[in-house]
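Here is how the chains run, residue by residue.
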Amino acid sequence: MTESYIQNLFADRIGGNSYGKGTEIYKFEKIKRAKRAAMAANPSVEMIDMGVGEPDEMAFPESIEALHRASLKPDNRGYADNGSDAFKEAAVRWMKNVCGVDGLLPGKHICHSIGSKAALSILPNCFINPGDIALMTTPGYPVFGTHSKYIGGEVYNIPLLEKNAFLPDLTSIPADKLARAKTLVINYPNNPTGASATLAFFRDVVAFAKKHNLIVIHDAAYAALVFEGRPLSFLETPGAMDVGIELQSMSKTFNMTGWRLGFVAGNDLIVKAYADVKDNTDSGQYLAIQEACAHSLDHPEITQKIAAKYSRRMDGLVGILNKHGLRAQKPKGSFFLYVKIPTAATRNGQRATFDKAEQFSQWMITENLISTVPWDDAGAYVRFSVTFIAKGEDQEKRVLGEIDKRLASSKFEF
Ligand SMILES: Cc1ncc(COP(=O)(O)O)c(C=O)c1O
């Protein structure tokens, strides 16, 4: 069959005329295939899915009711452009009441996003010229880097290592890369490591950004999910407003991944540039969603209940993994538990060895019907997400008991 002329029209950034012809199977597809095969081989055994990076529950009833009410208002029907004042004002109140960040002005320091992913795809257009470098951390959420590369930028990845508490060692960035760098993206609590930042680290970031003329983008998608105390915002760091912005998201904070809403907060010049490019990218999120989310932002107890659930599940899971010889440490927030892989495991007399997290993750799916996500970017780790499906505490205990039972027949070596 002759090839369509369309094949020759793809832009180089997505592979040019080789687009779609690659045979490499990507991580998430490998997980999907292994799960399918394990379920086919064990049709009566439940697959415990801890690979999913999103909440297992719906938004709270009061948020859904607020959406229903808001969607009945004719004024909410049209283009939202760069957002409603009500949502911006609620964002300011939330930043003050929940994060302790005072002094933000709704019309100057806040602009909504159709989720943080959308904001991360828009922001490179504000700063990255061909040849500029975007500093990213690895392992991590790559969207800002991907879009920087789409427009001719380069990415320099700073590894997140256990010995540094999974914080980037900024002094490790080579001088020639730093000279071309314009942006630094950080994310705490971090996906996938679950690590939290400290005020001291944020202070270092501000000083580093000022010294090297960098823009800091703190992706705070999990910031509100803390197990103790209150969320730590980058913007509460002295000087942070001079160098950067923070991306907050409703997705994990209020079980609203599908609703697609977040906000960008911080330095007014950066927010203005984001709003200008955003205005040429989308027409804003549905105003009824913004209204319902404004209502939710005024109810931070919703997030506290969600975080308490993850904390309880985390306690259970950490206890079970440690009991069976894996080495897990409860994070201070998020729903991710990042665990170093063993070098070998023996089950039913069969010994398997692992060089890479991907092998261990496949073994966990095949042998235990437990799904995790492997990360081999800076050491070999698997990420357990405590968003496994379980309605209520009894079901939660049942799932944890099942994990306990399955791992009891395995012996791990390090
Ligand atoms: C680190 C990180 N940033 C951003 C996002 C995207 O969030 P949103 O749903 O607000 O687009 C995710 C989602 O998984 C994430 O893990």
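Located above this text is the structure these notes cover.
Residue positions are counted from 1 within each chain, in the order its sequence is given. Under the rules for a predicted model, residues below a pLDDT of 70 receive no local features and side-chain atom pairs below 80 are neither given nor counted, while totals for whole chains, interfaces and linings still include all residues. Only heavy atoms go into the side-chain values, all of them from the structure, while hydrogens and water stay out.

Q: Would you mind going over the nonpolar core with me for this structure?
A: Soluble globular proteins tend to bury their nonpolar side chains together. What we call a nonpolar core is a set of buried Ala, Val, Leu, Ile, Met, Phe, Trp, Tyr and Cys residues that are connected through their side-chain atoms within 4.5 Å. For every residue, the accessible area (1.4 Å probe, protein chains only) is compared with the maximum for its type, and the residue is labelled buried under 20%, exposed over 50%, or partly exposed between those bounds. Counting residues in each nonpolar core, the largest one holds 106 residues, and the members touching the most others are Leu135, Phe263, Phe384 and Ile403. Strands here mean DSSP runs of E at least two residues long; helices mean DSSP runs of H or I at least four residues long; both are numbered from the N terminus. Broken down by element, the residue count for this core peaks at 9 residues, all from helix α14 (residues 300-323).

Q: Which parts of the structure should I look at to understand helix α15 (residues 357-368)?
A: Counting along an α-helix, one turn takes 3.6 residues, and residues three or four places apart therefore face a common direction. For a helix, the expected span equals 1.5 Å multiplied by the number of residues minus one. Compared with an ideal rise of 1.5 Å per residue, which puts 12 residues at 16 Å, α15 spans 16 Å between its outermost C-alpha atoms and is within 8% of the ideal. Of the positions making up α15, those classed as buried are Ala357, Phe360, Ser361, Trp363, Met364, Ile365 and Asn368. Positive backbone phi, at 50°, marks Leu369, one or two positions downstream of α15.

Q: Would you mind showing me how to read the site of the ligand here?
A: By nearness alone, 13 residues border the ligand, and Asp219, Tyr222, Ser249, Ser251 and Arg260 come closest of all. At 2.8 Å from an oxygen atom of the ligand is found a main-chain nitrogen or oxygen belonging to Lys117. Under this definition, polar contacts are N or O atom pairs within 3.5 Å; protein pairs additionally need one hydrogen-donor-capable and one acceptor-capable atom, and for neighbouring residues in sequence, both atoms have to be side-chain atoms. Between the ligand and the protein, one listed contact pairs an oxygen atom with a side-chain N or O atom of Arg260 at 2.7 Å. Taking 400 Å² as the accessible area of the ligand by itself, protein coverage stands at 91%. If you list the elements that add at least two residues to the shell around the ligand, you get α5 (116-122) and α11 (250-253). For the shell around the ligand, the class distribution of residues is 3 nonpolar, 6 polar and 4 charged. Proximity criterion: a residue is near a molecule or strand once any of its heavy atoms comes within 4 Å of it. Surface exposure here means Shrake-Rupley accessible area, sampled with a 1.4 Å probe, where a residue is shielded only by the protein chains that are shown. Here the nonpolar group is Ala, Val, Leu, Ile, Met, Phe, Trp, Tyr, Cys and Pro; Asp, Glu, Lys and Arg are the charged ones; every other residue, Gly included, is treated as polar.

Q: Just to check I follow, could you spell out the sheet that holds strand β3 (residues 133-138) for this structure?
A: Hydrogen bonds along the backbone pair up the strands of a sheet, which may run parallel or antiparallel. Two strands make a pair as long as DSSP finds a minimum of two bridges between them. The strand order across the open sheet formed by 7 strands is β2-β8-β7-β6-β5-β3-β4, and the pairing between neighbours is mixed. Two strands bound the open sheet, and with one partner strand each, they are β2 (110-113) and β4 (154-159). Across this sheet, the average inter-strand angle for adjacent strands is 25°, counted without regard to direction. Relative to strand β5 (residues 181-186), β3 is paired through 3 bridges, and the arrangement is parallel. Each residue of the ladder has a partner; that of Leu135, found in β5, is Leu184. We call two residues in contact whenever any of their non-hydrogen atoms come within 4.5 Å of each other. Axis lines are fitted through C-alpha atoms, for helices just across the contact stretch, and the angle between N-to-C directions can take any value from 0 to 180 degrees. Across the sheet, helix α9 (residues 199-212) is in contact with β5 and β6 (215-219); its angle to β5 comes to roughly 170°. Contacting β2, β6, β7 (244-249) and β8 (262-266), helix α12 (residues 268-279) crosses the sheet at an angle of about 35° to β2.

Q: What's the story with a nonpolar patch on the surface in this structure? I'm lost.
A: Residues Tyr5, Ile6 and Leu9 make up a contiguous nonpolar surface patch of about 370 Å² in total accessible area. Locating Tyr5 in the fold gives a position in the segment before α1 (27-41). Each patch is assembled from residues with relative accessible area greater than 30% and no salt bridge, linking like charges that lie within 9 Å and nonpolar side chains (Val, Leu, Ile, Met, Phe, Trp, Tyr) that lie within 5 Å. In the sections that follow, a salt bridge refers to a side-chain nitrogen of Lys or Arg positioned within 4 Å of a carboxyl oxygen of Asp or Glu.

Q: What's the story with the sheet that holds strand β13 (residues 373-375) in this structure? I'm lost.
A: Taken in spatial order, the 3 strands make up an open sheet running β9-β14-β13, and their pairing is antiparallel. The open sheet has two free edges, formed respectively by β9 (336-340) and β13, since each of these has just one partner strand. Across the sheet, the mean angle separating the axes of adjacent strands is 30° when strand polarity is ignored. Sitting on the sheet, α14 touches β9 and β14 (381-385), and the angle it makes with β9 is about 15°. Contacts between α15 and the sheet are confined to β13 and β14, with β14 contributing the most and set at about 45° to the helix.

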